[in-house]
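Listed below are the residues making up each chain.
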Amino acid sequence: MRILLRFLNGAILLYLAAPILVVVATAFGSSAYPIFPPQNFTLQWFHQFWGNPELRDALRISALLSSVSTILATSIGTLSALALVRYRLPGKTAISALLLSPILFPAIVLALALLVAFQRVGLTQTFTGLVAAHTLLITPFVIRLVMASLAEFDPSLEEAAQNLGATWSRTFFRITLPLALPGILAGAVFAFIMSFDELVVTLLLAGPELQTLPIRIFNYVQYSSDPSISAISTCLIVVWLAIGIPVYTRFLSVKHL
Amino acid sequence: MQSWSAKPPRSLAPWALLAPNLLLLLLCLAGPLLLLGRISLMGYEAGHGMIPIWQLSNYSKFFFDPFYRAILGGTFLLGAEVTALCLLLGFPLAFALSRARGLQRAILYFCILMPLLTSTVVRTFGWMILLGNNGFINHTLLRFHLIASPLHLMYNVTGVIIALGEVLLPFMVLSIDTSLLNINPSYYEAARNLGARGPRIFFRITLPLALPGIVSGCVLVFTGTLSAFVTPTLIAGARIKVMSTIIYQQAMALLDWPFGSAIAFTLLLAILILFAATLRFSERRRTS
């Protein structure tokens, strides 16, 4: 019974990992379209991706969009988390549910809502519009992670500082901010990943001039097969795992999920 | 929670901290959703665009036209199928995860988190390589003469279920794992001391106490399937239509925003009702 369960779980884990393993493997295969298992090891697809101006441009747009959105979301989200954790507020549960709600909505619904609204004010197909949409979508992740880290440390440290005569702003910058910093950084990292991978909302708002990397990948795999897509995907997988796993295990442990 | 303040700076301070976020939600969430609701009640005429009247015909078209009703039914059926698959595969894995300790748990946890941190587009691309007529699965089965001709796994519901099940499985596993970890171990001891054996303990203690996790996992997977856009588009192409893909089609290809908005609003409502029902369920359990 126990051995059977172990075998079953091995198979389930393989199912879970299969597409990722396949994408990584095909990035190193020499045939002109991605097949698994790959034949002959090569690194040419990584060169090919880097030499492709469309993909490189997309990478640049994605990096810029995600950086700006992350900075905005981290500032906005940190302030909200502070308000929720450190103050008595009437209707706190409702407010925090409201602030976290953007993750609950289906992306395609938000995408259409933002499209019809942005159309009225001329924000579709603009960088500003994309930043606004991304900030909306990723701020909840910052709030959740910063709240988790603020709830961990002892408020009496702040009280002590105030009792010793520190002003509110001094307490904030010398005590609260340094102690919350790991949570804020974790929130920023997570928000950045979420923004960088966002596809649906961006797809409806972006227009031809602002094709992000996920949009390019989406279009490529729909109409052609090219192992350089495996190559760029492999880079993303490796980077996200390297920066994402520590954040996840430290702050989004299952109880916060 | 302890509140900061022996001396609160000003009672308006928390509202000042919340202001940027509330403004963002007002401008980019509440406003757009209201507008979406309004547009879903407008008329549309090809060549003229939207007609600013009040009517319900977009909704009646979606619910009563056989073509669209089939899509509505198909989307919910797909949700049920993917949820069943995830529950079937997720429970054994969550059970093992909740029992594992130390390094073993860390490794299992990593394997379950890895897909969550990989974008859906990339994972679906992996499934396209695996499921195609010349893909790895068909290639292997043909080589070992297990099948005579390639199985059709792409461009149909089977492929969508296989790929979406994989995409959403981590949510099921993590949610069941949470409730299994919350079970007080002394229950098991008590049951054993009273003479209960493995299967009886499993069905009388483990399963009922894991129910909240199972329910929330099922809701996450079901609503995840209803809102899934990338995987159905890439795996099924134009062959299989679900609610999210026809919303996209109406909005971007046919430009019938009023009808697209009506479908989007229906989808939104279905998902909010499901979340509200789960919340009621978990609250009732907590109080009883």
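For clarity, every value in this text was computed on a predicted model and none was experimentally measured. (Residues numbered from 1 in each chain as written. Chains lettered and ligands numbered in written order. Predicted model: local features only at pLDDT ≥ 70, side-chain atom pairs only at ≥ 80, totals over all residues. Heavy atoms only, no water.)

Asker: I would appreciate a short explanation of the overall build of chain A in the present structure.
Answerer: When you go through chain A residue by residue, the secondary structure sums to 11 helices and zero strands. For chain A, the sequential pattern of α-helices and β-strands runs α-α-α-α-α-α-α-α-α-α-α. Across its three principal axes, chain A shows a C-alpha extent of roughly 70 × 60 × 30 Å. The burial tally for chain A puts 56% of its 257 residues in the buried class. Carbon and sulfur atoms make up 67% of the accessible area of chain A, which totals about 11,200 Å². Once the 14 positive and 10 negative side-chain charges of chain A are each reduced to a mean point, those two points are 9 Å apart. (Helix = DSSP H or I, 4+ residues; strand = E, 2+ residues; numbered from the N terminus. Buried < 20%, exposed > 50% of the residue type's maximum accessible area, 1.4 Å probe, protein only. Areas by Shrake-Rupley, 256 points an atom, 1.4 Å probe, with all protein chains shown as cover. Lys, Arg positive; Asp, Glu negative; His and termini not counted. Charge placed at Lys NZ, Arg CZ, Asp CG, Glu CD.)

Asker: Whenever I open this one, a positive patch on the surface confuses me. Can you help?
Answerer: Among the surface-exposed residues, Arg2 and Arg6 of chain A together with Arg99, Arg101 and Arg192 of chain B lie close enough to one another that they form a single positively charged patch. Mapped onto the elements of the fold, Arg192 of chain B is located in helix α8 (residues 185–193). (Patch = residues over 30% accessible without salt bridge, like charges linked within 9 Å, V, L, I, M, F, W, Y side chains within 5 Å. Salt bridge = Lys/Arg side-chain N within 4 Å of Asp/Glu carboxyl O.)

Asker: How do you make sense of the interface of chain A and chain B when you look at a structure like this?
Answerer: Interfaces are frequently sized by the accessible area removed from exposure as the parts join. Taken residue by residue, the interface counts 87 residues in chain A and 82 residues in chain B. Summing both sides of the interface, chain A and chain B together bury roughly 7,800 Å²; the carbon and sulfur share of this comes to 83%. On inspection of chain A and its partner chain B, the count reaches zero salt bridges. Applying the counting rule to chain A against chain B returns five residue pairs in polar contact (both at pLDDT 80 or more). At 15 residues, the largest contribution of residues to the side of chain A that touches chain B is made by helix α1 (residues 2–26) of chain A. (Contact = heavy atoms within 4.5 Å. Buried area = accessible area lost by both parts, 1.4 Å probe. Polar contact = N/O pair within 3.5 Å; in protein donor to acceptor, adjacent residues only side chain to side chain.)

Asker: Whenever I open this one, the side chain of Asn138 of chain B confuses me. Can you help?
Answerer: Residue and element names in this part refer to chain B. Looking at the secondary structure, you find Asn138 in helix α6 (residues 136–143). For Asn138, a relative accessible area of 0% puts it in the buried group. A polar atom in the side chain of Asn138 sits 3.2 Å from the backbone oxygen of Gly132. If sequence neighbours within four positions are ignored, Asn138 has contacts with Leu131, Gly132, Asn133, Ile147, Pro150, Leu151 and Leu153.

Asker: What exactly am I supposed to notice about α1 of chain A here?
Answerer: Three or four residues apart is the spacing at which side chains of an α-helix point the same way, because the helix has 3.6 residues per turn. Its 25 residues place the ends of α1 of chain A 35 Å apart at the C-alpha level, agreeing with the 36 Å of an ideal helix rising 1.5 Å per residue. When the local axis directions of α1 of chain A are compared, the greatest deviation, roughly 50°, occurs at Ala17 of chain A, which is followed within four positions by the proline Pro19 of chain A. (Expected span 1.5 Å × (residues − 1). Bend = angle between axes of the 7 residues up to and from the residue.)

Asker: Help me understand the packing of helix α3 (residues 53–86) of chain A against helix α4 (residues 92–100) of chain A, please; the structure alone is not making it clear to me.
Answerer: Think of two packed helices as two axes; the pair is described by the angle between the axes and how far apart they sit. All names here are of chain A. The interhelical angle for the contact between α3 and α4, taken along N-to-C directions, is 160°, at an axis separation of 11 Å. As far as their axial angle goes, α4 and α3 are roughly antiparallel. The crossing of α3 and α4 is left-handed. Contact residues: α3 offers Ser80, Leu84 and Val85, while α4 offers Lys92, Ile95, Ser96 and Leu99. Class assignment of the residues belonging to the contact of α3 with α4 gives a composition of four nonpolar, two polar and one charged. (Axes fitted to C-alpha atoms, helices over the stretch in contact; angles between N-to-C directions. Parallel < 35°, antiparallel > 145°, perpendicular 65-115°, else oblique. Left-handed = near helix turned anticlockwise from the far one by under 90°. Nonpolar A, V, L, I, M, F, W, Y, C, P; charged D, E, K, R; others polar.)

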